[in-house]
Every structure is written in structure tokens, then in C-alpha cells.
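This is what each chain is made of:
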Amino acid sequence: GYIILNIALSMNESFLNELQGKITTRENFRKIAPTTQIIRRMVGFLTAFAGPALFTIYPQLPSIVGAVFSFLLWGIIVAGFMMRQKKNIEGLKAQHGDEGIRVDKNKHIAVSRDSILEV
């Protein structure tokens, strides 16, 4: 179980870094990426530190606390991504106009060729 958990955490780290890179500007990513790595490492440290104490209270308590915390964290991350996507869509609409931007029911964004500005 521990090996599978470490594999999942490593894949999760790569996945979240990729998502952050896709929805964040380069300037903000330079600040956000190290901060998120520090937060992830601190959470890992805290869980390793608190695990034995929780185990003495109830043997399954570290797993229960970890699962609840993981679900809460994923909820916060998904909500943050959705808010960022909404902000990006509003920014694109302000830049290209409502006619140049289409968003389908699955929140896929399409920009018409006529509305793309040449640099």
C-alpha cells in the first residue's frame, strides 16, 4: 500500500505542476511553483510527524485523516482551477470580444481566427 501511495503522490505532483503551468502566466508560475512544492513537502512532513501519534489513538486514524484531508484539498484545487478558468475566459472575452470567443457546455474555449490579434 505504501509503494502505491508514493507512486500516486509522484504522479499527482507532476499532474498538478502541468496544470499550474497551463493556467498560469510565466511570471506567476515562477512564484507559484516553488510555493506549492514547499506546501506539499510541509504537508508530507506533518503527516509523517503526526502519523505515529494518531496511530496510538486509533490504528486507522492516520489513513482516515489523510483521506479526509486529501478530498478537501482536491476540492479546493478543483474550485481554484474553475475560478481561474472563469477569469481567463473573461479576460479573453475582454480582449477579443464576445463574438470572438466561444465556450461550449464542457467549458472548452475556442477563439475565432478573425479575432486573433497579430503581434
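It should be noted that the structure appears before, not after, this text.
Residues numbered from 1 in each chain as written. Predicted model: local features only at pLDDT ≥ 70, side-chain atom pairs only at ≥ 80, totals over all residues. Heavy atoms only, no water.

Draft legend 1. Local environment of the overall build of the protein. For the protein, the count of helices and strands is 3 helices and 2 strands. For the protein, the succession of helices and strands along the chain, N to C, is α-α-α-β-β. In the protein, which comprises 119 residues, the proportion classed as buried is 12%. Sequence-distant contacts in the protein: of pairs separated by 6 or more residues, those separated by 24 or more amount to 28%. (Helix = DSSP H or I, 4+ residues; strand = E, 2+ residues; numbered from the N terminus. Buried < 20%, exposed > 50% of the residue type's maximum accessible area, 1.4 Å probe, protein only. Contact = heavy atoms within 4.5 Å.)

Draft legend 2. Just the layout of surface pockets, in detail. Of the pockets and cavities examined, the largest pocket occupies roughly 1,300 Å³. Taken together, 32 residues make up the lining of the largest pocket; nearest its centre are Leu9, Arg40, Val43, Gly44 and Thr47. (1 Å grid on protein atoms, 1.4 Å probe; cavity = no way out; pocket = protein on both sides within 12 Å on 5 of 7 lines; lining within 4 Å. Points joined across faces, edges and corners; volume = space filled by probe spheres on them.)

Draft legend 3. Layout of a nonpolar patch on the surface. On the surface, a cluster of nonpolar side chains totalling about 580 Å² of accessible area is made up of Ile38, Met42, Phe45, Leu46 and Phe49. Judged by relative accessible area, which is 62%, phenylalanine 49 ranks as exposed. (Patch = residues over 30% accessible without salt bridge, like charges linked within 9 Å, V, L, I, M, F, W, Y side chains within 5 Å. Areas by Shrake-Rupley, 256 points an atom, 1.4 Å probe, with all protein chains shown as cover. Salt bridge = Lys/Arg side-chain N within 4 Å of Asp/Glu carboxyl O.)

Draft legend 4. Local environment of helix H2 (residues 26–57). The end-to-end C-alpha separation of H2 is 46 Å, in line with the 46 Å expected for 32 residues at 1.5 Å each. In the structure, H2 departs most strongly from a straight axis at glycine 51, where the bend amounts to approximately 40° and where the proline proline 52 lies between one and four residues downstream. Of the residues making up H2, those classed as buried are Ala33, Thr36, Gln37 and Gly51. (Expected span 1.5 Å × (residues − 1). Bend = angle between axes of the 7 residues up to and from the residue.)

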